[in-house]
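What follows is the residue order along each chain.
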Amino acid sequence: MVGTNRQKKQLFVMAVCTPSGKTLPGNLSIIPSEQKWVFHALYQHAFPQLYSSEVCFRNRLVLTDEDEAEYRSFEDLIEVTEEFSNSSVMLCTFHGIWMAFK
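Predicted model only: the values in this text are computed from it and were never measured.

**Quick word on a nonpolar patch on the surface**
Here comes step 1: Residues Leu 11, Val 13, Leu 28 and Ile 30 make up a contiguous nonpolar surface patch of about 370 Å² in total accessible area.
Here comes step 2: Within the residue set of the nonpolar patch, elements represented by two or more residues are β1 (10-17) and β2 (23-31).
Here comes step 3: Along the chain, the position of Leu 11 falls in strand β1.

**Remarks on the pairing of strand β4 (residues 88-91)**
Here comes step 1: The sheet contact formed by strand β3 (residues 61-64) and β4 spans four bridges and is parallel. Looking at the pairing, Leu 61 lines up with Ser 88 of β4.
Here comes step 2: Handedness of the crossover is the feature at issue here: the chain leaves β3, passes through helix α3 (residues 68-80), returns alongside β4, and the resulting connection is right-handed.

**Quick look at the pairing of β2**
Each regular strand carries side chains that alternate between the two faces of the sheet.
Here comes step 1: The pairing of β1 with β2 spans eight bridges and is antiparallel. Residue pairing in the sheet places Val 16 in a bridge with Leu 24 of β2.
Here comes step 2: Between β1 and β2, which pair antiparallel one after the other, the connecting turn spans five residues, and Gly 21 there sits at a positive phi close to 95 degrees.

The rules behind these values
Residues numbered from 1 in each chain as written. Predicted model: local features only at pLDDT ≥ 70, side-chain atom pairs only at ≥ 80, totals over all residues. Heavy atoms only, no water. Patch = residues over 30% accessible without salt bridge, like charges linked within 9 Å, V, L, I, M, F, W, Y side chains within 5 Å. Areas by Shrake-Rupley, 256 points an atom, 1.4 Å probe, with all protein chains shown as cover. Salt bridge = Lys/Arg side-chain N within 4 Å of Asp/Glu carboxyl O. Helix = DSSP H or I, 4+ residues; strand = E, 2+ residues; numbered from the N terminus. Pairing = 2+ DSSP bridges. Right-handed = clockwise from strand over helix to strand, strands pointing away.

Structure (structure tokens):
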């Protein structure tokens, strides 16, 4: 979604689902580029610092769009980090089904 802000940079949105089923914004960040290393740095360095390793360890599901840089970097971290070892990555149904028809 380039061009969604004045800086014409991609907006990274992370939502959090509470145990009661409510969804809340967890992080809204303007990222400098959509390269894999940027997402890797966010997941590996920024998130554990912002939310703590314990909170990251509680994550179970990551829904992404079809951006390979975004989801591949998280899949790579699942294999090598303790913080995200319990996580799974899936394609968001909006992006996987609805956008395919559009």
